[in-house]
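In case you want the letters, here they are:
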Amino acid sequence: MGMDEKERDGIMDIDFVIAWVDGSDREWLKRKQAYTGDEFTDDREERYRDWGLLKYWFRAVEQFAPWVHRVWMICDQEPPEWLNLDCPKLRIVRHEDYLPAEYRPAFSSHPIELNMHRIRGLSEHFVYFNDDMYLLSPVSEEFFFRKGLPVDSALLNPIPTVELKKKKQNGRVFTIPLNNAEVLNRDFDFRSCVKAHPLKWLNLRYGKNLLRNLVLMIWPRFVGFDEPHLPQAFLKQSFEKAWKQDRDVLDATSRHVLRHDQDVNQWLIRYRQLAEGRFVPRSPKVGRVFDLDLDENEAVDVIRGQRTSMMCMNDGALSRETFIRIREGLTEAFESILPQRSCFEKQA
């Protein structure tokens, strides 16, 4: 049965992709330290810190999304010793397996993410996770894809350009959302996109966000999008189309070893899916995002109570003592809801 027939029957293979890095790996650090950034790069420690919670990510996948076809784990170092490489659903992807030579080495997430469509064997329908994003309760295939399309929310939101004043502080890069918007407006006419799919932009599922969409539609261009920073459903063809139309900026981004303020990122692919109407509208209330330097207690409570379907835990500039304390609390919370080993773990 071909893909078109499977989609008509409501059947499709859906893969998960997760990019993982352990910033404490000495061999990896040795390779990375050969590349130093400047004021236009972002090389903070929290970009690469591993919290030791990956096994709970796999346990959650097995328990809450048993229907997943394959799990592709992208890494540029040895995977954790406890990982069961013989698990039938697991595929380890090294950078050299899919990144062109001119895009390696890659210590920025942007080339790693923008080239995911090159992974041989990856399904047309896949969900991308950062390694700080977790499922917390059962989800169905329709949670991510319906009628063969990603499930998403087209919520307009102005880009907070005031943050650009801080871009040189601590190596932070805040220009990427602006770069994404610039490319999107180069490729698409905003009002034509709305006219082509009006009910995808003005949808009652958006709740009070619908009012913000209405107000921001007075502008003739895309002003930016609300970015939930949660697991994202993608079509592989969306990457392929972007590379045909935006090869200049995607190629330039992929050649940056570290994050750079001229980069775009994988959000651009999501924005293109929205602009093309290649999505099914949903409520934005599908997950929670926490800044661990501010919301550690609430994050622990949400995990223990499984009070949302999925979550993201943003790292921050934490002291060693604070990092250890928060990690212990998160580990205990995950262990309380996911105590059983998964097939992705070696058995004792």
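Now for a quick tour of the structure. Given the structure is predicted, the values throughout are model-derived calculations rather than measurements. (Residues numbered from 1 in each chain as written. Predicted model: local features only at pLDDT ≥ 70, side-chain atom pairs only at ≥ 80, totals over all residues. Heavy atoms only, no water.)

Brief notes about the pattern of salt bridges
Thought 1: Throughout the structure, instances matching the rule amount to 16 salt bridges.
Thought 2: One salt bridge in this structure joins Asp187 and Arg186, with 3.5 Å as the shortest N-O distance.
Thought 3: The partner of Arg186 in a salt bridge is Asp246, and the shortest N-O contact between them spans 2.9 Å. Here the residue Arg186 occupies a position in helix 6 (residues 176-187), and Asp246 occupies one in the loop between helix 10 (236-245) and helix 11 (247-254), the gap between them amounting to 60 residues.
Thought 4: You can call Arg186 partly exposed: its relative accessible area is 45%. (Salt bridge = Lys/Arg side-chain N within 4 Å of Asp/Glu carboxyl O. Helix = DSSP H or I, 4+ residues; strand = E, 2+ residues; numbered from the N terminus. Buried < 20%, exposed > 50% of the residue type's maximum accessible area, 1.4 Å probe, protein only.)

Digging into the pairing of strand 1 (residues 14-19)
Thought 1: With 6 of 6 residues buried, strand 1 is to be regarded as a mostly interior element.
Thought 2: Both faces of strand 1 are covered, namely the face carrying Ile14, Phe16 and Ile18 and the face carrying Asp15, Val17 and Ala19.
Thought 3: When strand 1 meets strand 5 (residues 125-130), the two strands line up parallel, connected through 6 bridges. Looking across to strand 5, one finds that Ile18 is bridged to Phe129. (Pairing = 2+ DSSP bridges.)

With respect to the packing of helix 13 (residues 296-305) against helix 14 (residues 320-337)
Thought 1: Close contact between helix 13 and helix 14 brings their axes to 8 Å; oriented N to C, the two are set at 10°. One element, helix 13, and the other, helix 14, form an angle in the roughly parallel class. Here Glu296, Val300, Ile303 and Arg304 of helix 13 come into contact with helix 14, specifically with Arg325, Ile326, Gly329, Leu330, Glu332, Ala333, Phe334, Ser336 and Ile337.
Thought 2: In terms of residue class, the contact of helix 13 with helix 14 is made up of 7 nonpolar, 2 polar and 4 charged. (Axes fitted to C-alpha atoms, helices over the stretch in contact; angles between N-to-C directions. Parallel < 35°, antiparallel > 145°, perpendicular 65-115°, else oblique. Contact = heavy atoms within 4.5 Å. Nonpolar A, V, L, I, M, F, W, Y, C, P; charged D, E, K, R; others polar.)

As for empty space enclosed by the protein
Thought 1: Taken as a whole, this structure holds 1 cavity of 30 Å³ or more when the rule is applied.
Thought 2: Volume-wise, the largest cavity comes out at about 70 Å³.
Thought 3: What lines the largest cavity is simply Tyr128, Asn130, Met133, Glu227, His229, Leu230, Gln232, Gln266, Trp267 and Arg270.
Thought 4: Elements that contribute at least two residues to the lining of the largest cavity include exactly strand 5 and helix 12 (267-275).
Thought 5: Its residues assigned to classes, the lining of the largest cavity shows 4 nonpolar, 4 polar and 2 charged. (1 Å grid on protein atoms, 1.4 Å probe; cavity = no way out; pocket = protein on both sides within 12 Å on 5 of 7 lines; lining within 4 Å. Points joined across faces, edges and corners; volume = space filled by probe spheres on them.)

Looking at the nonpolar core
Thought 1: Ranked by size, the top nonpolar core spans 54 residues in total, and within it Phe16, Trp57, Leu135 and Phe144 carry the most contacts.
Thought 2: Per element, the largest residue contribution to this core is 7 residues, and it comes from helix 3 (residues 54-64).
Thought 3: With near-sequence residues (within four places) excluded, Leu135 lies in contact with Phe16, Ala60, Phe64, Ala65, Phe129, Phe144, Ser309 and Met310.
Thought 4: By size, the runner-up hydrophobic cluster in this structure holds 45 residues, among which are Val17, Leu156, Phe188 and Val194. (Core = buried A, V, L, I, M, F, W, Y, C linked by side-chain atoms within 4.5 Å.)

What about the packing of aromatic side chains?
Thought 1: Taken as a whole and assessed by the stated rule, the structure comprises 23 aromatic pairs.
Thought 2: Arranged with centres 5.2 Å apart and planes meeting at 85°, the rings of Trp57 and Phe129 form a pair that is edge-to-face. On the criterion of sequence distance, the pair formed by Trp57 in helix 3 and Phe129 in strand 5 is long-range, its members being 72 residues apart. Each member of the pair, Trp57 as well as Phe129, carries the same accessibility label: buried.
Thought 3: Plain terms: the ring middles of Tyr103 and Trp243 are 6.1 Å apart, the flat faces sit at 35° to each other, and that makes the pair tilted. One end of the pair, Tyr103, is in the loop between helix 4 (95-98) and helix 5 (109-114); the other, Trp243, is in helix 10, and 140 residues separate them in sequence. Per residue, the accessibility class of Tyr103 equals that of Trp243, and both read buried.
Thought 4: Taken together, the ring pairs in this structure connect Phe16, Trp57, Phe58, Trp67, Trp82, Phe129, Phe143, Phe144 and Phe344 into an aromatic cluster.
Thought 5: Across from the ring centre of Trp243, 4.7 Å away, lies the NZ or CZ of Arg118, which sits over that ring.
Thought 6: For Arg282, the ring lying beneath its charged end belongs to Phe143, and the centroid distance is 5.9 Å. (Phe/Tyr/Trp six-rings, centres within 6.5 Å; stacked < 30°, edge-to-face > 60°. Lys NZ or Arg CZ within 6 Å of the ring centre and 35° of its normal.)

Observations regarding the sheet that holds strand 8 (residues 149-152)
One key point about sheets: their strands pair by backbone hydrogen bonds, in either a parallel or an antiparallel sense.
Thought 1: The strand order across the open sheet built from 3 strands is 7-8-11, with neighbouring strands paired in mixed fashion. If you trace the sheet from one side to the other, it starts and ends with strand 7 (145-146) and strand 11 (280-281), each paired once.
Thought 2: For strand 7 and strand 8, the ladder comprises 2 bridges, and the chain directions are antiparallel. Paired with Phe145 across the bridge in strand 8 is Pro150.

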